[in-house]
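Spelled out from the first residue to the last, the chains are:
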Amino acid sequence: MPEPLLDVRDLRVSFRTRQGSVTAVDRLSFSVAPGEILGVVGESGSGKSVSMLAVLRLLTNPNVTVSGEVRFRGRDLLALPDKEMRAVRGREIAMVFQDPMTALTPVYTVGWQIAEQIRAHDRVSRREARARAVRLLSDVGIPDAASRVNAYPHEFSGGMRQRAVIAMALSCDPALLIADEPTTALDVTVQAQILDLMRELNGRGSAVVLITHDMGVISQIADRVLVMYGGRAAEEGPRRAVFHGPRHPYTWGLLDSVPRVGGARLRRLPTIAGVPVSPGALPPGCAFAPRCRLRHDRCAELPALAAGNGDAGHRDACWLPPDDRGSLRLTARAAATERPGTGPDMEKEATA
Ligand SMILES: Nc1ncnc2c1ncn2[C@@H]1O[C@H](COP(=O)(O)OP(=O)(O)OP(=O)(O)O)[C@@H](O)[C@H]1O
Ligand code: SF4
Ligand SMILES: [Mg+2]
């Protein structure tokens with residue numbers, strides 16, 4: 001196994017709120033190998049963005065506490081002086097967020113912003129930086145880049161703005177790109193083009209952490225998958241293993257709620273019953289327990305992320321016996337299709 005590029009250990013993020021302390025990310029550990037694409041998936045509020053913002057030290061709110069270890073190329077980012085961290089963010093780790101306007105300033109032209117980004121880490125003249133900006137815009141498929149370089153962000157469409165942000169990311173040839181829902185706001189064709197750009201960047205050697213709600217996107221692009229639930233890792237493993245032999249009941253629910261195109265159609269599409277857990281109200285044991293059809297006494301205790309009996313690189317946090325997962329998945333699925341819309345807690349409420 002190559003030395004990981006990014007190795008996150010026991011990351012914990014808490015917010016001080018009026019209702020008390022809320023733990024949004026709880027002892028999250030994961031790693032990214034050089035050149036690898038890690039897909040991070042999970043429902044809204046599962047801690048995907050907060051964990052990546054913590055990795056990048058972008059949670060500046062005084063009410064936030066971050067602990068754990070974030071090793072990147074051998075350094076602990078959480079312990080790095082601010083100046084060095086800024087240099088890491090500019091030169092070695094690039095970011096692309098869902099809303100490209102968060103990365104672009106409305107009052108400067110797109111070209112100026114890309115050129116400044118280039119000059120922040122390369123000693124080149126303004127003229128050379130600008131020429132490079134034109135080339136980059138052209139590389140990401142902006143037509144007539146030589147004149148569009150003078151446009152302001154509001155003169156670009158949403159897809160073009162996202163390309164411009166990716167051009168900024170490309171400008172520093174980052175060892176790691178963290179992309180948080182980069183295609184959610186875009187139509188399907190532009191989504192596919194942006195994913196192609198990510199692949200291209202990856203082809204040049206950059207590792208990518210891609211956050212998305214979309215299991216379809218993960219299945220197309222990721223080498224490995226991290227499934228998050230309630231601020232914790234529910235399952236982590238190689239893409240093929242997670243898609244062909246998913247181990248955690250929450251992952252089963254995610255995969256079963258993906259519409260099948262051209263495949264066997266279920267009479268009713270199962271959805272994951274119940275509501276996502278709120279970080280202020282995590283149950284003491286497994287966070288998925290209130291929605292899990294297979295919960296049992298042991299689930300009141302917190303399961304650790306551990307490998308089953310097979311591949312050491314495929315881990316999950318669940319108390320079910322490792323060897324029976326395949327048949328248990330069918331049992332859970334049958335229960336979901338028989339009585340859609342009822343989860344364990346809903347059934348309890350109905351009989352209360
Ligand atoms: N400043 C804050 N103060 C208190 N709680 C916060 C704050 N920022 C985020 N949270 C909480 O942390 C949890 C995780 O949020 P996060 O944004 O990481 O979710 P996410 O998985 O990225 O969801 P989405 O898919 O909707 O983007 C949420 O429950 C959110 O309410
Ligand atoms: S630990 Fe228990 S409640 Fe949690 S996913 Fe596994 S069976 Fe379900
Ligand atoms: Mg998010």
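Residues numbered from 1 in each chain as written. Chains lettered and ligands numbered in written order. Predicted model: local features only at pLDDT ≥ 70, side-chain atom pairs only at ≥ 80, totals over all residues.

Per an unreviewed UniProt entry, the chain goes by the name ABC transporter ATP-binding protein and belongs to Streptomyces cellulosae. Under the heading Sequence similarities (unreviewed entry), UniProt records this for the chain: "Belongs to the ABC transporter superfamily." Under Subcellular location (unreviewed entry), UniProt gives the following word-for-word description of the chain: "Cell membrane". (UniProt positions renumbered as here; feature names shortened; annotations may be inferred.)

## A few points about the overall build of the chain
Counting secondary structure elements, the chain contains 12 helices and 12 strands. Computed over the C-alpha atoms, the radius of gyration of the chain is 22 Å, within 12% of the 20 Å expected from 2.2 N^0.38 for a compact globule of 352 residues. Projected onto its principal axes, the C-alpha positions of the chain cover 70 × 45 × 45 Å. Across the 352 residues that make up the chain, the buried fraction comes to 40%. Counted over contacts in the chain with a minimum sequence separation of 6, partners at least 24 positions apart contribute 66%. (Helix = DSSP H or I, 4+ residues; strand = E, 2+ residues; numbered from the N terminus. Rg over C-alpha atoms; globule rule 2.2 N^0.38 Å. Buried ≥ 20, exposed ≤ 12 C-beta atoms within 10 Å, placed from the backbone. Contact = placed C-beta atoms within 7 Å.)

## Description of the site of ligand 1
What surrounds ligand 1 is a group of 15 residues, the closest being Phe 15, Ala 24, Ser 44, Ser 49 and Val 50. Taken together, the elements giving at least two residues each to the shell around ligand 1 come down to β1 (6–17), β2 (20–32) and α1 (48–55). The greatest single-element share of the shell around ligand 1, amounting to 3 residues, is contributed by α1. Here the shell around ligand 1 is built from residues that sort into 5 nonpolar, 9 polar and 1 charged. (Near = placed C-beta within 6 Å. Nonpolar A, V, L, I, M, F, W, Y, C, P; charged D, E, K, R; others polar.)

## Thoughts on the site of ligand 2
Neighbouring ligand 2 are 13 residues; Cys 286, Cys 292, Arg 295, Cys 299 and Cys 318 lie closest to it. The class makeup of the residues in the shell around ligand 2 is 11 nonpolar, 1 polar and 1 charged.

## Brief notes about the packing of helix α4 (residues 126–139) against helix α6 (residues 158–171)
For the pair α4 and α6, interaxial distance at closest approach is 9 Å and the crossing angle is 120 degrees. Classified by the angle their axes make, α4 and α6 are oblique. α6 is crossed by α4, and the crossing has right-handed handedness. Contacts between α4 and α6 involve Arg 132, Leu 136, Leu 137 and Asp 139 from the first element and Ala 164, Ala 167, Leu 170 and Ser 171 from the second. (Axes fitted to C-alpha atoms, helices over the stretch in contact; angles between N-to-C directions. Parallel < 35°, antiparallel > 145°, perpendicular 65-115°, else oblique. Left-handed = near helix turned anticlockwise from the far one by under 90°.)

## So, the sheet that holds strand β3 (residues 37–41)
The pairing of strands in a sheet happens through backbone hydrogen bonds and is either parallel or antiparallel. Taken in spatial order, the 8 strands make up an open sheet running β6-β7-β8-β3-β9-β10-β12-β11, and their pairing is mixed. Taken across any chain shown, the strands that pair with only one partner, and hence form the sheet edges, are β6 (93–96) and β11 (306–307). In the packing of α1 onto the sheet, the strands contacted are β3, β7 (176–180), β8 (207–212) and β9 (224–229), and the crossing angle to β8 comes to about 150 degrees. Sheet contacts for helix α10 (residues 249–256): β3, β9 and β10 (232–238); angle to β9, the most-contacted strand, approximately 105 degrees. (Pairing = 2+ DSSP bridges.)

## A few points about the nonpolar core
Note on soluble globular proteins: their nonpolar side chains tend to be buried together. In this structure, Leu 176 and Val 209 are the most contacted members of the largest nonpolar core, which totals 89 residues. It is α6 that contributes the most residues to this core, 8 residues altogether. Dropping the residues within four chain positions of it, Val 209 is found in contact with Val 32, Leu 38, Val 40, Met 52, Leu 176 and Ile 178. (Core = buried A, V, L, I, M, F, W, Y, C linked by C-beta atoms within 7 Å.)

## Focus on the sheet that holds strand β5 (residues 75–76)
Across the sheet, 4 strands lie side by side as β2-β1-β4-β5; this open sheet has antiparallel pairing. Among the strands making up the open sheet, the edge pair consists of β2 and β5. Bridging between β1 and strand β4 (residues 64–72) involves 8 bridges; their strand directions are antiparallel. Across the sheet, the residue bridging to Val 13 is Val 66, located in β4. Its contacts with the sheet put α1 on β1, β2 and β4, and the angle it makes with β1 is roughly 110 degrees.

## Remarks on the environment of Gln 162
Its place among the elements puts Gln 162 in helix α6. Taking the C-alpha atoms as reference, Gln 162 lies 5.3 Å from Pro 100; in sequence the two are 62 residues apart.

## Looking at the pairing of β7
Burial of β7 is extensive: 5 of the 5 residues sit out of reach of the surface. Side chains of β7 alternate between two faces, with Leu 176, Ile 178 and Asp 180 and Leu 177 and Ala 179 buried alike. Where β6 and β7 come together, 4 bridges link them in parallel fashion. Pairing of Val 96 across the sheet is with Ala 179, part of β7. Taken together, the 5 bridges between β7 and β8 define a ladder with parallel strand orientation. Within β8, the position partnered with Leu 177 by the bridge is Val 208. Handedness of the β-α-β unit built from β7, helix α7 (residues 188–203) and β8 comes out right-handed. (Right-handed = clockwise from strand over helix to strand, strands pointing away.)

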